[in-house]
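For reference, the chains in residue letters:
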Amino acid sequence: MTRPRLLITRRIYPEALEALAGHFDITDNQANDTPTTKEGLMAAIGQADYLFCTVADKVDGDVIAAAPSLRMIATGAVGFNNIDAQACKARGIALSNTPDVLTETTADFGWALLMATARRVSESERYVRQGQWKGWAFDQFTGVDVHGATLGILGMGRIGGAIARRAAGFNMRVVYHNRSKAQQEYGAQYVDKQTLLAESDHLIIVVPYSQATHHLITAADLAQMKPSACLVNIARGGVVNDADLLNALQRGQIRAAGLDVFENEPALHAGFLALDNAVLTPHIASSSRATRGRMVMLAAENLLAHVQGRPLKTPVAL
Ligand code: DGY
């Protein structure tokens, strides 16, 4: 009996590969784990019935059109803005993502970036490594306090909630803004966007990317923030206008930024690299071994469910 053909775009964990192996005829990237290009994906996907992709694969309408047999896409991520969901819907292609399993790990990292940004961890570490530290001084790398400050959360979803919950231990006031006003959660107070920007000492951005959230933060928004404010983006590149943010950081309009995502990642505005008041990380907010393992396994379980005619564990509603 011929098995359905599964294309896996990137190296995945052995436990997931093992679970899939008996059910699919697999083409993968295990040996040579390189980022895909659109052309490469279009060339590879032609015969596939199933696709296991990542947040970094751009599965647009052309790619989907190049896969006439495609029945399902499982992405190993909660965000699926890199996939043309409308094209999936039009073709009856099922889509799954990996919500929940990464919530706590991603919230941890939001805090890691916040702390590193507010307390100048990367900058001072570079100073030590470069052999520049000649002795202690009162005004060395003075940062801004996190405890007792006002934390703003743009996007009070699962991850936003997990971030808010952690703020209690820091005795913070938490304000948040959502497109749809959610309930008061974790002691956080709903405010309009303008108030969020004006009152946050630390602003964490966690909204999913969509046309509606494209450039949700631009120069005009940054101008409303406190000059002492720190901005952290663990959402998606494109939610913040990176050129505007770079400009604001260069001019000291806001104090600092912690950025895990960028508009054209892995490329980024070269200006960011020269800034000491920017902490830059390579889209790793969900990257603990345990959580990445759970994401990969959940994607695999969704594929297995589909091929066995069971409901998907975490379908994307199309
Ligand atoms: C996601 O799951 O959307 C993350 O950005 C990838 O780790």
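Procedures and definitions
Residues numbered from 1 in each chain as written. Predicted model: local features only at pLDDT ≥ 70, side-chain atom pairs only at ≥ 80, totals over all residues. Heavy atoms only, no water. Near = heavy atom within 4 Å. Polar contact = N/O pair within 3.5 Å; in protein donor to acceptor, adjacent residues only side chain to side chain. Areas by Shrake-Rupley, 256 points an atom, 1.4 Å probe, with all protein chains shown as cover. Nonpolar A, V, L, I, M, F, W, Y, C, P; charged D, E, K, R; others polar. Buried < 20%, exposed > 50% of the residue type's maximum accessible area, 1.4 Å probe, protein only. Helix = DSSP H or I, 4+ residues; strand = E, 2+ residues; numbered from the N terminus. Pairing = 2+ DSSP bridges. Axes fitted to C-alpha atoms, helices over the stretch in contact; angles between N-to-C directions. Parallel < 35°, antiparallel > 145°, perpendicular 65-115°, else oblique. Left-handed = near helix turned anticlockwise from the far one by under 90°. Contact = heavy atoms within 4.5 Å.

Novice: So what exactly am I meant to see when it comes to the site of the ligand here?
Specialist: Around the ligand, the structure places Ala77, Val78, Gly79, Leu102, Arg236, His283, Ser286, Arg292 and Met295. One of the backbone N or O atoms of Val78 is found 2.7 Å from an oxygen atom in the ligand. A distance of 2.6 Å is found between an oxygen atom of the ligand and a side-chain nitrogen or oxygen belonging to Arg236. Contact with the protein chains covers 89% of the free accessible surface of the ligand, which is 240 Å². Its residues assigned to classes, the shell around the ligand comprises four nonpolar, three polar and two charged.

Novice: Help me understand the pairing of strand β10 (residues 230-233) in this model?
Specialist: Walk down a regular strand and you will see the side chains alternate between the two sheet faces. Where burial is concerned, the two faces of β10 agree: the one with Cys230 and Val232 and the one with Leu231 and Asn233 are both buried. Sheet topology note: the strand β9 (residues 202-205)/β10 ladder contains four bridges and is parallel. Each bridged residue has a counterpart across the sheet, and for Leu203 the counterpart in β10 is Leu231. Pairing of β10 with strand β11 (residues 256-259), which is carried by four bridges, proceeds in the parallel orientation. For Cys230, the partnering residue across the bridge sits in β11 and is Ala256.

Novice: Where do I start with the packing of helix α5 (residues 103-118) against helix α7 (residues 158-167) in this structure?
Specialist: Two packed helices can be described by the angle between their axes and the distance between those axes. The contact between α5 and α7 brings their axes to 8 Å, and the two run at 55°. Taken together, the axis directions place α5 and α7 in an arrangement best described as oblique. Crossing hand, α5 versus α7: right-handed. Contact residues: α5 offers Thr103, Glu104, Thr106, Ala107, Asp108 and Trp111, while α7 offers Arg158, Ile159, Ala162, Ile163, Arg165, Arg166 and Ala167. Here the contact of α5 with α7 is built from residues that sort into six nonpolar, two polar and five charged.

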